[in-house]
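# Examining the three-dimensional arrangement
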Amino acid sequence: MFEWSEEHAMVRDAVRQFVDNEIRPRRDELEFGDVAPYDVLRKMFQTFGLDALAREQFKKRIERERTAAEAAKGDAAEAGDAAGGGTATDDEARPSGGGGAMFTIPIIELCRCSPGMVTAMGVSVGLTAAAVMSKGTIEQKERWALDLLTLEKIGAWAITEPNSGSDAFGGMQSTARRDGDEYILNGSKTFITNGPYADTTVFICKLDEGNAPEDRKVLIFVLDKGLPGFEQSKPLRKMGLHSSPTGQLFLSDVRVGRDRLLGETEDVSTGGGRDAAKATFTMERTGVAAMALGIVERCLELCLDYARERVQFGKPIGEYQLIQLKLARMEVARLNLQNLVFRQIEMQSAGRQMTLAEASAGKLYGAQAATEVALEAVQLFGGNGYMAEYEVEQLARDAKVLQIYAGTDEIQVGQIARSLLG
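Residues numbered from 1 in each chain as written. Predicted model: local features only at pLDDT ≥ 70, side-chain atom pairs only at ≥ 80, totals over all residues. Heavy atoms only, no water.

Where helix α12 (residues 356-381) contacts helix α13 (residues 391-400), the axes come no closer than 8 Å and their chain directions differ by 155°. Taken together, α12 and α13 sit at an angle that is classed as roughly antiparallel. Crossing handedness for the pair α12 and α13: left-handed. The segment α12 lies against α13, with Ala370, Thr371, Ala374, Leu375, Ala377, Val378 and Phe381 engaging Val392, Glu393, Leu395, Ala396, Ala399 and Lys400. Here the contact of α12 with α13 is built from residues that sort into ten nonpolar, one polar and two charged. (Axes fitted to C-alpha atoms, helices over the stretch in contact; angles between N-to-C directions. Helix = DSSP H or I, 4+ residues; strand = E, 2+ residues; numbered from the N terminus. Parallel < 35°, antiparallel > 145°, perpendicular 65-115°, else oblique. Left-handed = near helix turned anticlockwise from the far one by under 90°. Contact = heavy atoms within 4.5 Å. Nonpolar A, V, L, I, M, F, W, Y, C, P; charged D, E, K, R; others polar.)

Ranked by size, the top nonpolar core spans 98 residues in total, and within it Ile23, Trp157, Ile159, Ile204 and Leu402 carry the most contacts. Excluding its chain neighbours within four sequence positions, the residues that come into contact with Ile23 are Phe18, Leu30, Val40, Leu110, Cys113, Ser114 and Met117. Among the nonpolar cores identified, the runner-up in size contains 20 residues, and Ala156, Leu207, Leu223 and Phe230 belong to it. (Core = buried A, V, L, I, M, F, W, Y, C linked by side-chain atoms within 4.5 Å. Buried < 20%, exposed > 50% of the residue type's maximum accessible area, 1.4 Å probe, protein only.)

A word on the packing of aromatic side chains. When we look at a pair of aromatic rings, we describe it by the centre distance and by the angle of the planes. Scanning the entire structure with this criterion turns up seven aromatic pairs. A ring pair is formed by Tyr38 and Tyr197, whose centres lie 5.9 Å apart and whose planes are at 70°; its orientation type is edge-to-face. Of this pair, Tyr38 sits in helix α3 (residues 38-47) while Tyr197 sits in the loop between β3 (182-193) and β4 (200-207); the two residues are 159 residues apart in sequence, bridging distant segments of the chain. Here the aromatic rings of Tyr183 and Phe221 are separated by 5.2 Å at their centres, their planes lie at 65°, and the arrangement is edge-to-face. Residue Tyr183 is located in strand β3, and its partner Phe221 is located in strand β5 (residues 218-224); the two are separated by 38 residues in the primary sequence. (Phe/Tyr/Trp six-rings, centres within 6.5 Å; stacked < 30°, edge-to-face > 60°.)

We now examine α3. Among all positions in α3, only Tyr38, Val40, Leu41, Met44 and Phe45 are buried. Projected down its long axis, α3 carries its buried residues within an arc of 160°, all on one side. Projecting away from the buried face of α3 at angles above 90 degrees are the exposed residues Asp39 and Gln46. On the buried face of α3, the contacting elements are α1 (6-23), α4 (50-72), α6 (101-111), α7 (115-135) and α8 (138-149). Once α3 finishes, Gly49 follows within two positions and takes phi at roughly 70°, a positive value. (Arc of directions from axis to C-beta.)

That is the geometry; function is a separate question.
Following this line, the structure appears as C-alpha cells:
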C-alpha cells in the first residue's frame, strides 16, 4: 500500500465533512466549555454504521468462541479445529476486513481537528473493550464489551497511579484482598482518560496475600459506575486534549465478586494481568502514528495557506528560504507518518500484530514528529500562532501529550533498545 484507494478517499471525505459540520462548530465548547465529547462520537458511530459493524463482528466472534467451547467438551482435536477458526486474527475479530483502514481514517480526520476526541474514543472502544475481549469469559464479554464497542457505554482503563507512572507495575499500590469468595479493592488511580464519566472501568491492581509487593500477582477487575466505595473525580485541568475528560479514581473497600475478575481466574500461567496490560500498551502505542499523521497534515495545510497569504517585507513569507525549510520538514514528517500508517494497515490485513518494540518505535517517531511540526507551525504563524483563536495553538498543546501518555519517549527508547540487544 502506497496511497489511499478511491474507496478510502470517499470515506475520508465523508468523515471530513462530518468533522466540519459537527465538530468544528463546537470547537470552543469542547476546548473551553467542559463539554464531554461522547454524544458527538456516538453520532459519528451511527452516521457511518460503526456501531452496527461492531455488533455484527461481536456476534460472529462470540458464536465462534461458543462453538470452540462446546467442542472442547468433546473431542480435543475437533476443539482445536474449531478454536483455530475463531482467533483474533480473523476478519470478524479485527477492526475491519480491510485491514483496519476504515477505522484508521476516522482517527486521522478527527485528529486534524480534535485529537482529544480520538483519545476519549480510543480508550473506550479500544483499550477498555480490548481488555475484556482479550481476557474475559464469554459471559463477561457479553456483559460489558458490546456496549463499549458500540459506545453505548463509556469505558476507562485504569493503571496509572500517583506514585507509579512509568514504573506502572513496580510502584503499583492498588490492591485486591480475598474475603471469602469475594475481593476487597483499595487504591487510587490518576490521569485516567474518561475517568469522570466512565460507565465501565477496567481496574488493574495487585493481589495482596501478605507477600512482598514485588512478588504479587497482577489482577484485572471490571467495575461499574456507582459501586459502593468507588469514587470518580471531576475532570482535571490539563495543558491540552481538553475534549478528552481526564480524572482520578478512588477505591475504598470496594467489595466485588469473582464475576468481576477478568477471566474469573487468578492463574497467571497463561500471562495474567501483566501480559494483558502489555498487550494493551502495544495497541495504544500503535494508534499514535495515525493521530500524529492527522495533526501533521492539518498543521501543514494551515502553514501553507498562511505562508501564501502572510506578507512581510513586501512579499509572502513563503518565498523566504527559512519558511520553506519549515514547510519541507513538515512534508517529510507527513510522508514518513503516512508510510508508517500504511504499513500498520497492511500488517493488520495480513493478520500480523506489531510487537511491543515495533509499536514503541512508531510511537516514538510519531510523537516527536507531531510535536515538532506543531511547534514549528506556531513559530511560522508568529504572534498569531500563540493566540487561541488559531488552530495551531491548540494542536501544539494537544500534540505534546503524545510524548507522555502510553509511555514517555524515554520509556519507548528503552523498550526499543532492549529488543535490539535481545
